[in-house]
Amino acid sequence: MKQEETKPEAESIVSETQPAASVNAAQTVQTAETTEKEALKEEVEALRQRVKALEEYIRELEGKQKEYIEGWARERADFSNYKRRIEREQATLAQNITGEILKKYLLILDDLSRAMKMRPKDGEAASWADGIELIYRKLQSILDAEGIQRIPAEQEMFDPMRHEAIMYEESPEHESGQIIEVLQDGYTLGDRVLRPARVRVAR
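Things to note about the overall build of the chain
So, step 1. On a plain count of helices and strands, the chain comes out with two helices and six strands.
So, step 2. Helices and strands in the chain line up, N terminus first, as α-α-β-β-β-β-β-β.
So, step 3. Restricting the contact set of the chain to residue pairs at least 6 apart, pairs at least 24 apart contribute 57%.
So, step 4. Surface accessibility of the chain: about 16000 Å² in total, with carbon and sulfur atoms responsible for 55%.

A word on helix 2 (residues 124-145)
So, step 1. Compared with an ideal rise of 1.5 Å per residue, which puts 22 residues at 32 Å, helix 2 spans 32 Å between its outermost C-alpha atoms and is within 8% of the ideal.
So, step 2. The complete set of buried residues in helix 2 reads Ala126, Ala129, Ile132, Glu133, Leu139, Gln140 and Leu143. All buried residues of helix 2 project into a common sector of 130 degrees when viewed along the axis, lining one side. Opposite its buried face, helix 2 presents the exposed residues Glu124, Trp128, Arg137, Lys138 and Ala145, each directed more than 90 degrees away.
So, step 3. Trailing helix 2 by a residue or two, Gly147 shows a phi angle of about 95 degrees, which is positive.

Description of the sheet that holds strand 6 (residues 197-202)
So, step 1. Read across the open sheet, the three strands follow the order 2-6-3; overall the sheet is mixed. Whereas interior strands pair on both sides, the edge strands pair on one side only; in this sheet they are strand 2 (163-169) and strand 3 (179-184). The average angle at which neighbouring strand axes cross in this sheet is 30 degrees, direction not considered.
So, step 2. Where strand 3 and strand 6 come together, four bridges link them in antiparallel fashion. Note on strand 6: the bridge partner recorded for Glu181 is Arg200.

Notes on the side chain of Asp185
So, step 1. Inspection of the secondary structure assignment puts Asp185 in the loop between strand 3 and strand 4 (187-189).
So, step 2. In this structure the side chain of Asp185 is engaged in a polar contact, spanning 3.0 Å, whose partner is the side chain of Arg150.
So, step 3. Not counting the four nearest positions on each side in its chain, Asp185 is found in contact with Arg150, Arg195, Pro196 and Ala197.

Points about the side chain of His174
So, step 1. Of note, His174 is situated in the loop between strand 2 and strand 3.
So, step 2. Within polar-contact distance, the side chain of His174 engages the side chain of Ser171 at 2.6 Å.
So, step 3. Contacts of His174, omitting those with residues within four sequence positions, involve Gln155, Ile179, Ile180 and Ala202.

Focus: the pattern of salt bridges
Side chains bearing opposite charge may pair, as long as their charged atoms lie close to each other.
So, step 1. One pass over the structure, following the stated rule, counts 14 salt bridges.
So, step 2. When the shortest N-O distance is used, the salt bridge between Asp110 and Arg195 registers 2.8 Å. In this pair, Asp110 sits in helix 1 (residues 2-117) while Arg195 sits in strand 5 (residues 192-195), placing the two residues 85 residues apart along the sequence.
So, step 3. Judged by relative accessible area, Asp110 falls into the buried class, the value being 7%.
So, step 4. A relative accessible area of 9% places Arg195 in the buried class.

Here is what the cut-offs are and how they apply
- Residues numbered from 1 in each chain as written.
- Predicted model: local features only at pLDDT ≥ 70, side-chain atom pairs only at ≥ 80, totals over all residues.
- Heavy atoms only, no water.
- Helix = DSSP H or I, 4+ residues; strand = E, 2+ residues; numbered from the N terminus.
- Contact = heavy atoms within 4.5 Å.
- Areas by Shrake-Rupley, 256 points an atom, 1.4 Å probe, with all protein chains shown as cover.
- Expected span 1.5 Å × (residues − 1).
- Buried < 20%, exposed > 50% of the residue type's maximum accessible area, 1.4 Å probe, protein only.
- Arc of directions from axis to C-beta.
- Pairing = 2+ DSSP bridges.
- Axes fitted to C-alpha atoms, helices over the stretch in contact; angles between N-to-C directions.
- Polar contact = N/O pair within 3.5 Å; in protein donor to acceptor, adjacent residues only side chain to side chain.
- Salt bridge = Lys/Arg side-chain N within 4 Å of Asp/Glu carboxyl O.

Here it is in structure tokens:
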């Protein structure tokens, strides 16, 4: 009698404990899933923060890159300007030195030119004059090769930038300010007046 009563009680205890175990297992699974989701959310958020930090870093690098490129371009432009300025200064210096040297030869050219105006026509002196003319032409060709050019002055209007007035005088055959006579030829070297032409000018 006692054994029969004990069996139903045991079955009742088992039947009562099974639903409780199922509930606990479900709760455990649900808790695990929630924990996993929260961990994933945290991991996603961490990745987002990392991506954001990387994007900011990239923007910073792009800004520095732009700054460096602009700085490099400015430095390159400054260097090009400096190089051109130095080249211009060297060219000007070389022209000035050349001009000062050639300027001394203009005096010799003046003497030869005056000699040619008074050259004898006949006799032994005529052949001597031919030799002087040859020297004159050689010197003139050397000066031409160096870029020395004679300043036109005959019958020109007086230009104080290219001519030097030695005297002013009345001349009914000339306009006021017109050059009457060239007393000494003037020359240029490039854009520079090496020596102004000395002239007589009409009033």
